[in-house]
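Here's the letter readout for the chains.
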Amino acid sequence: MLKARDGRDPGELAAMDIDTHLGDGVLRRKYVATMFDILAPGYDLFTRVFSFGMDRGWKKRLIEEGVKRAAVKPRILDLACGTGDIAMALAERTASPLAVGLDCSQQMLVEASRRFGDGAPSISLVAGNMLDLCVADDSVDMVSVGYGIRNASDYAQALREIGRVLKPGGILLNLDFYKPASRLWCKLFLWYMWHAGRLAGWLWYREPIVFGYISPSIRRYLTLDEFDTALRQAGFAIEWRWSGLGGGIGLHVARRL
């Protein structure tokens, strides 16, 4: 059965006009939090199915590259932590003494706590906003973000906050969708994401817009080259970068200068 077992009513999201909410910073935060509260119970299955299993490979590759460059026993902050898969993998691979997962969705944090169980590394879970982190300056060795910066209402502010909390020399691991630079491929890519997302929303929830958000969010976001520029402007040096899907997906490891 594809439908999620619990979570918020998908009708709440359907009642929100997507263009109005994505075009306003405050409303966008409300929309994103509501959406991920709805998605949380079935999110891991959805990402595997929707990406044809590629999501696991993307995350594994990013984690491998990040671990290569990690400090000894780093302090880790995982933003938009979702169900906690990246946070758990990094904490285990690096023997981190302190790992924190932060998300705007309370239901995602519930799912993360279920994943961790009793035998997982000690990872603290916090509800919060990546544009205003409740973390001290220069206090973290590693920040990881999976599909999160694109959903922030101000990506430049998110990068500034990440730079603020990272120690000099600390690293950022980032995985996200991007707007392909090729006009033709961009149109085809967004067309597919829109229709495939709406089909998935109908299959899971009988409400197409639940996953229909992905295409509009990418359309309003950056190309990979534009994100590279944003990283440099925020005080990062890109140490490793990989892209796939014709520029529709990108992985970065960047070091704070």
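That block above? That's the structure.
All figures in this text were calculated on a predicted structure; none of them were measured in a lab. (Residues numbered from 1 in each chain as written. Predicted model: local features only at pLDDT ≥ 70, side-chain atom pairs only at ≥ 80, totals over all residues. Heavy atoms only, no water.)

Re the pattern of salt bridges
Here's step 1: Under the counting rule described, the total for this entry stands at 17 salt bridges.
Here's step 2: One salt bridge connects Glu-65 with Lys-68, and the closest N-O pair in it is separated by 3.2 Å. Of this pair, Glu-65 and Lys-68 both sit in helix α5 (residues 54–68), three residues apart, which is roughly one turn of that helix.
Here's step 3: Of the residues examined, Lys-68 reaches a relative accessible area of 60% and is grouped as exposed.
Here's step 4: Measuring nitrogen to oxygen at the nearest pair gives 3.3 Å for the salt bridge that ties Asp-141 to Lys-167. Here Asp-141, found in strand β4 (residues 140–146), pairs with Lys-167, found in strand β5 (residues 166–177); they are 26 residues apart in sequence, far enough to count as distant. (Salt bridge = Lys/Arg side-chain N within 4 Å of Asp/Glu carboxyl O. Helix = DSSP H or I, 4+ residues; strand = E, 2+ residues; numbered from the N terminus. Buried < 20%, exposed > 50% of the residue type's maximum accessible area, 1.4 Å probe, protein only.)

Quick notes on the layout of surface pockets
Here's step 1: Size it by volume and the largest pocket reaches roughly 430 Å³.
Here's step 2: Lining the largest pocket we find 29 residues, and of these Ala-80, Asp-103, Cys-104, Met-130 and Gly-148 sit closest to its centre.
Here's step 3: Contributions of two or more residues to the lining of the largest pocket are made by α3 (25–39), α4 (43–50), β1 (75–79), α6 (85–94) and β2 (98–103).
Here's step 4: With four residues, the top contributor of residues to the lining of the largest pocket is α3.
Here's step 5: Partitioned by chemical class, the residues of the lining of the largest pocket number 14 nonpolar, eight polar and seven charged.
Here's step 6: In this structure, the second largest pocket spans a volume of roughly 230 Å³.
Here's step 7: If you trace the second largest pocket, you find 13 residues lining it, with Arg-56, Lys-59, Asp-85, Ile-86 and Arg-115 closest to the centre.
Here's step 8: Contributing elements (two or more residues each) for the lining of the second largest pocket: α4, α5 and α6. (1 Å grid on protein atoms, 1.4 Å probe; cavity = no way out; pocket = protein on both sides within 12 Å on 5 of 7 lines; lining within 4 Å. Points joined across faces, edges and corners; volume = space filled by probe spheres on them. Nonpolar A, V, L, I, M, F, W, Y, C, P; charged D, E, K, R; others polar.)

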